Amino acid sequence: MRKPGRTREEEELRLREDAARWQDLRAIPLHQRRDDRSKHVHHSAPGEVTKPRRKGFKFTAGMTVKEFAELIGQRPADIMRKLMDMGQMLTFNQTMNVDAAVIIAEENGIKLDLSTEKVGEELLESVVQTEEDAQLESRPPVVTIMGHVDHGKTSLLDAIRQTKVAEGEAGGITQHIGAYTVAVRGKQVTFLDTPGHEAFTAMRGRGAKITDIVILVVAADDGVMPQTIEAINHARAASVPIIVAINKIDKPGANADRVKNALSEHGLISESWGGDTIMVEVSAKEKTGLDTLLEMILLQSEVLELKADPHRMAKGVVVEAKLERGRGPVATVLVQSGTLRVGDVFVVGVFSGKVRALIAHTGAKVLAAGPSIPVEVAGLPGVPSAGDVFQVVKDERVAREIAEDRAHKQRTTDLSGSAKVTLDDLFAKIKEGSVKELALVIKSDVQGSAEALTASVEKLATAAVKLRVIHSGVGGITESDVLLAAASNAIVIGFNVRPEPKALALAEQQGVDIRQYTIIYDAMTEIKAAMEGLLEPTLKERILGRAEVRQVFTVSKSGVIAGAYVVDGTITRAAVGVRVLRDNVVAYEGKLGSLRRFKDDVREVQQGYECGISVENFNDIKAGDIIEAYAIDKIAAKL
């Protein structure tokens, strides 16, 4: 009940202060409180800290409100109240704002020395940069299986797991996480059980390159299907080598040569036909050809020379994450470098915490996991996104600061919207480098139109602008197309097709530009305009005016002033630069210093008028010289 004479705000503030005092009192050890009572000494209010005698303190970014209060000798409740007056509602354990800290410290007569130590993301970057001195060792390859629906991806995974993992395990295996490791000839291979190429591409879109090799599963009795082609394009966009597993070779209608012939049309030519793509005939049902497939994986990994440093602080990527009843948030993490141990402090996405437990794919608890080993991590305060980087840091303060900084940046990004490439502002979004590239995903109503549009677009490519059609297909624009475009920073072109409602919503969320046409010529015109925007504009000089120097004056404050007569055009302050010509030879090139008519500064002087001109950092002007003012025009490049 509120006491008479007090407003609701005053009563709420009193309750907050009482709660803060109680929290501060609980922080004092029990025996210390008893000692204080036994001495019958009257101290200041509970939780109050005596003001420090020193007038200067070192403030480190990432310091909490409670740590700051202890630093300047104030009660945390008082600091909270001052922050409330500034419009900042912070708890004791939240990070203190630097500007607010400086203001509050100055009010108490204390000068803060803002630390210049590397903090947050800067500290994380310095940790990553030390990889140059890494002690690299070989690591297992990470393999993802992709392909068309019902072509046997899951069956192949199960067959490999049962024949290889169960060999060294008694009593059968229960798969606990979406990734597992098998032993082949004394070496390990890690398989990721992803839902499909959509998840694969979504993770790549978040900057996570987790796969070293893609196994493309094609049914021998069915052949190449639309999702097979999509999987090929997704793997190529990620620059990952492909090994083809021709499955269901035991079925009556199986024809491996027909599959190889169909794949050759998409650029995958078998080694037996003189190409460079490894193709293995397997049967998940009969468990034949699995050893050969695993040997080919090891062979490909030797060519790739996969290495990592197991001695540094662990870094990995989240394969999947979920909220489990009784366990809280858990994440399957693929360690990419270093060794992850129980008790490590980590930051992942906008969350930070400490590893409470590590669980292997067999369900057994482990104490550590090295490079290319997947483990389930418990101890997360929230559920991260698939593809988030999992990084171990040295202490909890750094982890907390990085997580809060990322959360702030994410909020800012969400409010400002995404910055994907579009045809409208393509020129503003070009990447650095001499070769510019425009990536496209093309979908059409019929295969003939898709091929015609692809061929027409590819003809627009020049030496200056590289144009890449990363995927073309038949049918409406799907979520998979949008995800691929988002991951590759591409534009989706639809010809006589419409996007699915979910794809349209995803495109808006991801900031992917979808263009729809019914006439190929219109598509060509817009794409060509976008490509021209990719080219650097041509710089062309335009002479604004010329002035002949008639007489030279020396002024003590201004230096040498040329008394000149404008013989052509206009001398203006808007000029990019001026040249001093002597006998048609450039004596000096620089900027216009001053421009006057009589004693007044002017913006321009036209032809037929006299003026006073000075040139910055040049005093060797002589009578008879010509001062030439010029501008630089940017002309849009044409193909």
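Read on for a plain summary of the structure.

How each quantity is defined
Every chain's residues receive numbers from 1 upward, in the order its sequence appears when written. The predicted nature of this model means local features are confined to residues of pLDDT at least 70 and side-chain atom pairs, given and counted, to a pLDDT of 80 or more, with totals for whole chains, interfaces and linings taken over all residues. With hydrogens and water set aside, each side-chain value is computed from the structure's full complement of heavy atoms. Secondary structure follows DSSP: runs of H or I at least 4 residues long count as helices, runs of E at least 2 residues long count as strands, and numbering of each begins at the N terminus. Here the expected span of a helix is defined as 1.5 Å times the quantity of residues minus one. Each residue is placed in one exposure class: buried if its accessible area under a 1.4 Å probe, protein chains only, is under 20% of its type's maximum, exposed if it is over 50%, and partly exposed if it falls in between. Comment: axis = line fitted to C-alpha atoms, over the contacting stretch for helices; angle = value between 0 and 180 degrees taken between N-to-C directions. For any helix crossing, the convention is left-handed if the near helix is rotated counterclockwise from the far helix by under a right angle, and right-handed if that rotation is clockwise. Only heavy atoms matter for contacts: two residues are in contact if any of them lie within 4.5 Å across the pair. Asp, Glu, Lys and Arg are counted as charged, while Ala, Val, Leu, Ile, Met, Phe, Trp, Tyr, Cys and Pro are counted as nonpolar; the rest, among them Gly, fall into the polar class. Between 30 and 60 degrees the pair is tilted, below 30 it is stacked and above 60 it is edge-to-face, where a pair is any two Phe, Tyr or Trp rings, Trp via its six-membered ring, whose centres lie within 6.5 Å. Only buried residues count toward a nonpolar core. Its members are Ala, Val, Leu, Ile, Met, Phe, Trp, Tyr and Cys residues joined through side-chain atoms within 4.5 Å. The pairing criterion is simple: DSSP has to find at least two bridges between the two strands.

1. Some words on helix α11 (residues 290-304)
In an α-helix, one turn spans 3.6 residues, which is why side chains three or four residues apart end up on the same side. Under the 1.5 Å per step criterion, the end-to-end length of α11 is 21 Å for 15 residues, consistent within 8% with the ideal 21 Å. Listed in full, the buried residues belonging to α11 are Leu290, Leu293, Leu294, Met296, Ile297, Leu298, Gln300 and Ser301.

2. Digging into the packing of helix α4 (residues 76-85) against helix α5 (residues 98-107)
Relative orientation of the contacting elements α4 and α5 amounts to 115 degrees, with a least axis distance of 11 Å. For the crossing formed where α4 meets α5, the hand is right-handed. For the pair α4 and α5, contact is made by Ile79, Lys82 and Leu83 and by Ala100, Ile104 and Glu107, respectively. Counted by class, the contact of α4 with α5 contains four nonpolar, no polar and two charged residues.

3. A closer look at the packing of aromatic side chains
Enumeration according to the criterion identifies three aromatic pairs in this entry. Taking the centre distance of 4.7 Å and the plane angle of 20 degrees together, the rings of Phe346 and Phe390 count as stacked. In this pair, Phe346 is assigned in strand β14 (residues 345-348) and Phe390 in strand β20 (residues 389-393), connecting sequence segments 44 residues apart. Taking the relative accessible area as the measure of exposure, Phe346 reaches 0% and is therefore buried. By relative accessible area, which is 2% here, Phe390 ends up buried.

4. Structural notes on the nonpolar core
Counting residues in each nonpolar core, the largest one holds 26 residues, and the members touching the most others are Leu156, Ile160, Phe191, Ile215, Leu293 and Ile297. Elements that contribute at least two residues to this core include exactly β4 (142-147), α7 (153-165), β5 (179-184), β6 (187-192), β7 (213-219), β8 (242-247), β9 (278-281) and α11. Among the elements that line this core, the one with the most residues is α11, at six residues. Those residues in contact with Leu156 that sit more than four places away from it in its chain are Ile145, Val217, Ala245, Val282, Ala284, Leu290 and Leu293.

5. Considering the pairing of strand β11 (residues 315-324)
Bridging between β11 and strand β12 (residues 328-337) involves nine bridges; their strand directions are antiparallel. Each bridged residue has a counterpart across the sheet, and for Val318 the counterpart in β12 is Val333. Connecting the antiparallel pair β11 and β12 is a turn made up of three residues, with Gly326 showing a positive phi of about 90 degrees.

6. Observations concerning unusual backbone geometry
Even without being a glycine, Lys248 presents a positive backbone phi close to 60 degrees. In this fold, Lys248 is placed in the loop between β8 and α10 (256-264). Backbone geometry at Asn489 places phi at a positive 55 degrees, although glycine is not the residue there. Position of Asn489 among the secondary structure elements: in the loop between α14 (479-488) and β23 (491-495).

7. Considerations on the sheet that holds β12
In spatial order, the strands read β15-β14-β20-β11-β12-β19-β16-β17; together these eight strands make up an open sheet with antiparallel pairing. What marks the edges here is a single partner per strand, and that holds for β15 (351-354) and β17 (365-366). With three bridges joining them, strand β16 (residues 357-359) and strand β19 (residues 374-378) adopt antiparallel strand pairing. Bridge pairing links Leu358 to Val377 in β19.

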